[in-house]
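Structure assessment
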Amino acid sequence: MSTPRQAGGMSNEALQVAAHRNLWLHFTRMSSYSAGDVPVIVRGSGQYVFDSRGKRYLDGLSGLFVSQIGHGRAEVAQAGARQATELAYFPLWSYAHPRAIELAERLAALAPGDLNRVFFTTSGSEAVESAWKLAKQYFATVGQHGRYKVLSREIAYHGTSMGALAVTGLPPIKAPFEPLPAGGVRVPNTNFYRAPEFAAHDVEAFGRWAAGEIERAIVREGPESVAAVFLEPVQNSGGCFPPPPGYFQRVREICDRYGVLLVSDEVICAFGRLGYYFGSQRYRYQPDIITFAKGVTSGYAPLGGMMVSDRLMEPFASGPTTFLHGVTFAGHPVSAAVALANLDVFEAEDLLGNVRANEDAFRGTLEKLGDLPIVGDVRGDGYFYGIELVKDKATRETFSDDESERLLRGFLSQALFDAGLICRADDRGDPVIQLAPPLTCTQEHFDEMEQILRGVLTEAWTRI
Ligand SMILES: Cc1ncc(COP(=O)(O)O)c(C=O)c1O
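Residues numbered from 1 in each chain as written. Predicted model: local features only at pLDDT ≥ 70, side-chain atom pairs only at ≥ 80, totals over all residues. Heavy atoms only, no water.

The next subject is the pairing of strand S5 (residues 149-153). On a regular strand, one side chain projects to one face of the sheet and the next to the other, so that they alternate. Of all the five residues making up S5, five are buried; the element is thus mostly covered by neighbouring parts of the structure. Burial of the side chains of S5 extends over both faces: Lys 149, Leu 151 and Arg 153 are buried on one face and Val 150 and Ser 152 on the other. (Buried < 20%, exposed > 50% of the residue type's maximum accessible area, 1.4 Å probe, protein only. Helix = DSSP H or I, 4+ residues; strand = E, 2+ residues; numbered from the N terminus.)

As structure tokens, then:
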């Protein structure tokens, strides 16, 4: 059934009626809106977005780790419009179009080492799916048919399509879809705040242990059966786990020793989130594949992809061998044009420089919250932080499922939103609040985040 439209779009009331009746939100408990309004964001400008009633919010999560350059950038939108007028669509199946070529060349120049080949997708899940498929077909092509398994870390999120979900390390979101493709193997993540006792006071020892667990898993599974290790530079899910010093260098050595591919899943960490075009550049390791999405267009159009080394391309570069994979909208001309315009903004405004210059101030401002009894840990790098909430700071005791449900779903998410801050209260690991604002943010925005968080977290403590 359709809802009456007004000039300039639906009225507020009509939007609510149709949203309740016809729209299905992702990863959302729909019943939580049965008695209340669905939040409707109608416009954005810079670091802020506005809802259908005109209320302003600081976008502390860049939408969903996406809006690196901020909202409402007409020049990027116009690049997309120009492209749609010139050539709205053509596939990358057997043909190319100029924007995909230009973007591939530009990304290759920005990427670390010999990651010269870009395979576009439309999303991060498709990028992860593509990387696993390429790893499997690559090994089959070079005669190592047994290599199909993928190692990834506990609680890590790598996407929702069946293959990407098999790589994901979050049992609750996998359970309804089992059996998933075979071969997903879990290894420990780098949550130093929750490190095992024997490594709890030495971050380098912790890193050696966590990397060593990857080697032990490869040996246990049988190296001849392992295709790839998927790791984010900073693991998002669980609340921003940066790598301990030396961790990635060790992982690189381990991968080389056993002939396993190192996939850097940079769907969140690329394009300035950590002050570099790619997170692997910040932590100085060379991946065999980088997966990306989100910030490549700052969300002005959807795009994802993987960048692979010349070595991986080689078996496909001559003779009849074809990578048997593709999606209709991958590398869409409008998205590619938008990505190029997005990268122009990065350069013109030195966004990487802005993140590097201000990240300590951002961290310092968030660390002020450490005086609150509920704040256990503030961690992250660049413009990417997690604040872990605890019941007892001294013992680091976390909340029970029931308390977490009451605190995060019952209070915090809504209270932060009502207070004008878009961020994420997440309990896929221990309860955390995550922040990943546009890369244009400066001290005034850090202060605004801190003040809103201080008020809401103080109130939350009284409700436990
Ligand atoms: C590290 C990582 N990989 C993959 C994905 C999946 O990306 P998408 O939601 O675009 O499919 C995400 C999404 O947040 C992610 O954070």
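Once the structure has been displayed, the description carries forward.
With that settled, consider helix H3 (residues 74-86). Helix length check: H3, at 13 residues, gives a terminal C-alpha distance of 18 Å against a target of 18 Å (1.5 Å per residue), a fit within 8%. Every buried residue belonging to H3 is among Val 76, Ala 79, Gly 80 and Gln 83, and all of these are buried. For H3, the arc enclosing every buried residue in end-on projection is 95°, short of the 170-degree limit, so these residues lie on one face. Exposed residues pointing more than 90 degrees away from the buried face of H3 are listed as Arg 82 and Thr 85. If you follow the buried residues of H3, they end up packed against helix H4 (98-110) and helix H12 (333-348). (Expected span 1.5 Å × (residues − 1). Arc of directions from axis to C-beta. Contact = heavy atoms within 4.5 Å.)

The next point concerns the packing of aromatic side chains. Under the counting rule described, the total for this entry stands at 20 aromatic pairs. Note on Phe 27 and Tyr 157: the rings are 6.4 Å apart at their centroids and 70° apart in plane angle, and the pair reads as edge-to-face. In this pair, Phe 27 sits in the loop between helix H1 (12-22) and strand S1 (41-45) while Tyr 157 sits in the loop between S5 and helix H6 (162-167), placing the two residues 130 residues apart along the sequence. Among the residues examined, Phe 27 registers a relative accessible area of 59% and is labelled exposed. Classification of Tyr 157 as partly exposed rests on a relative accessible area of 25%. Their ring planes at 15° and their centres at 4.3 Å tell us that Tyr 57 and Phe 417 sit as a pair that is stacked. Here the residue Tyr 57 occupies a position in strand S3 (residues 56-59), and Phe 417 occupies one in helix H14 (residues 401-418), the gap between them amounting to 360 residues. A relative accessible area of 2% means that Tyr 57 is categorised as buried. (Phe/Tyr/Trp six-rings, centres within 6.5 Å; stacked < 30°, edge-to-face > 60°.)

Tallying each qualifying case throughout the model produces zero disulfides. Free cysteine: Cys 269, not disulfide-bonded; nearest cysteine sulfur from Cys 240 at 7.9 Å. (Disulfide = S-S within 2.5 Å.)

Before going further, it helps to examine the site of the ligand. With respect to spatial proximity, the complete set of residues near the ligand consists of Ser 123, Gly 124, Ser 125, Tyr 157, His 158, Gly 159, Glu 232, Asp 265, Val 267, Ile 268 and Lys 294. The contact in question runs from an oxygen atom of the ligand to an N or O atom on the side chain of Ser 125, over 2.6 Å. Taking Asp 265, its side chain carries an N or O atom lying 2.7 Å from a nitrogen atom of the ligand. Contact with the protein chains removes 84% of the 390 Å² of surface that the ligand exposes when unbound. A class-by-class count of the residues in the shell around the ligand yields three nonpolar, five polar and three charged. (Near = heavy atom within 4 Å. Polar contact = N/O pair within 3.5 Å; in protein donor to acceptor, adjacent residues only side chain to side chain. Areas by Shrake-Rupley, 256 points an atom, 1.4 Å probe, with all protein chains shown as cover. Nonpolar A, V, L, I, M, F, W, Y, C, P; charged D, E, K, R; others polar.)

Our next topic: unusual backbone geometry. Cis peptide bonds are those with omega within 30 degrees of zero, and the linkage from Glu 178 to Pro 179 qualifies with 0°. Relative to the helices and strands, Pro 179 is located in the loop between helix H7 (171-174) and strand S6 (184-187). For Phe 27, which is not a glycine, the phi torsion comes out positive at approximately 45°. The phi angle at Phe 65 is positive, at roughly 65°, despite the residue not being glycine. With respect to the helices and strands, Phe 65 occurs in helix H2 (residues 62-65).

Everything listed is a geometric property; what it means functionally is a separate question.
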